[in-house]
Amino acid sequence: ENLTKHFATSKSLLPGSGRSVKAVDGVSFTVRKGETLAIVGESGCGKSTLARLVLRLIDPTGGTVRFHGQDIAAIPERSMRPLRARMQMIFQDPFASLNPRMTVAEILTEPMQVHKLGTRAQRRERMIELLELVGLTARHADRYPHEFSGGQRQRIGIARALAAGPELVIGDEPVSALDVSVQAQVINLLEDLKQRLGLTLVIISHDLAVVRHMSDRVGVMYLGKMVELADTQALFSSPRHPYTRALMSAVPLPDPEARPDRQLLEGDVPSPLNPPSGCRFHTRCPYVRDRCRTEEPVMGANDDDHGVACHFWREIDALPRPAAAAAR
Ligand code: SF4
Ligand code: MG
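Residues numbered from 1 in each chain as written. Chains lettered and ligands numbered in written order. Predicted model: local features only at pLDDT ≥ 70, side-chain atom pairs only at ≥ 80, totals over all residues.

Colleague: Summarise the overall build of the protein; cite the residues concerned and give the values.
Modeller: Broken down by element type, the protein carries 12 helices and 11 strands. In the protein, buried positions account for 39% of the 328 residues. A separation threshold of at least 6 residues defines the contact pool for the protein, and within that pool the share at least 24 residues apart is 63%. (Helix = DSSP H or I, 4+ residues; strand = E, 2+ residues; numbered from the N terminus. Buried ≥ 20, exposed ≤ 12 C-beta atoms within 10 Å, placed from the backbone. Contact = placed C-beta atoms within 7 Å.)

Colleague: I'd like to hear about the sheet that holds strand β10 (residues 225-231), residue by residue, with values.
Modeller: Across a sheet, paired strands are connected by hydrogen bonds in the backbone, their directions being either parallel or antiparallel. Ordered by their spatial adjacency, seven strands build an open sheet running β6-β7-β8-β3-β9-β10-β11, and the pairing between neighbours is mixed. Edge positions in the sheet fall to β6 (87-90) and β11 (306-308), since each has one partner strand and no second. Here the average twist between neighbouring strands, direction ignored, is 20°. Here strand β9 (residues 217-222) runs beside β10; their pairing, made up of six bridges, is antiparallel. Pairing of Gly-219 across the sheet is with Leu-229, part of β10. Helix-sheet contacts for helix α5 (residues 150-162) involve β6 and β7 (168-172), and the interaxial angle to β6 is about 170°. (Pairing = 2+ DSSP bridges. Axes fitted to C-alpha atoms, helices over the stretch in contact; angles between N-to-C directions.)

Colleague: Which residues make up the site of ligand 1, and what are the values?
Modeller: Contacts to ligand 1 come from Pro-242, Cys-279, Phe-281, His-282, Cys-285, Tyr-287, Val-288, Cys-292, Pro-297, Cys-310, His-311 and Phe-312. By residue class, the composition of the shell around ligand 1 is 10 nonpolar, two polar and no charged. (Near = placed C-beta within 6 Å. Nonpolar A, V, L, I, M, F, W, Y, C, P; charged D, E, K, R; others polar.)

Structure (structure tokens):
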């Protein structure tokens, strides 16, 4: 609820020059048990920061995160451990996130040791189970990360995230470091694990094809704000926010002629150090009006069915929509 994360820049440590990067700026949403929620946006929009805030890997500047009703931002760090076992992260880069000096067996049993789960023999047994769960075998247990392919390493990363038996798993670009040919296998694995283990998934991604395939709902972020939140089907068939519409029409299609109303985003994403006033998208929005420059549009807290932060979405909605989503 109303999550905010401002990072101080080095200059702002000097008196009187208070500059901060508003990486996440007043974002509210709910993750429903058992769903896959995707958070999508261009790089730098704050989606990875949002993921870290939700797991409290970093502390928010403002706002609250409730897990089963409990405000986890208010829990002292030392009391977080039992909760951490229930909320885990899969990182983007399976090369950087696995310790090269640990065997797979050590990598997978470490979370169980940290959370004081089982005896040594039980942990070993569970470790083999985890390997099999992600499509590897006991043969792989005593090898080191460098002996595996990228896809296999991400399977190990996934097994590690599952080791302590989490309910909520957040994947931060879980397949974007992988070869395209391997991406589908890892996506299928995640979906299969979600079903078998009854997980709740949050997938952070810039890839609309991944998002569309995997998620039940999608939140779209732009410059630290969530600008639209809807069921995947509704978002792709009837995107409401001009930014979402532009994102979708930027996806390459084989036949550009089929999309006469293609909208391309002009200009760069403005700096989060000095975001535009009013609606943050106003510097790039094809529908911008005076009100957009001064008054910030907000998504209502109860707009969970199809929320949009745009003053004029109803009028824009009446205009011809990008063909991309409708055509596919
Ligand atoms: Fe565009 Fe204005 Fe809507 Fe922002 S509020 S998305 S600038 S029309
Ligand atoms: Mg990121």
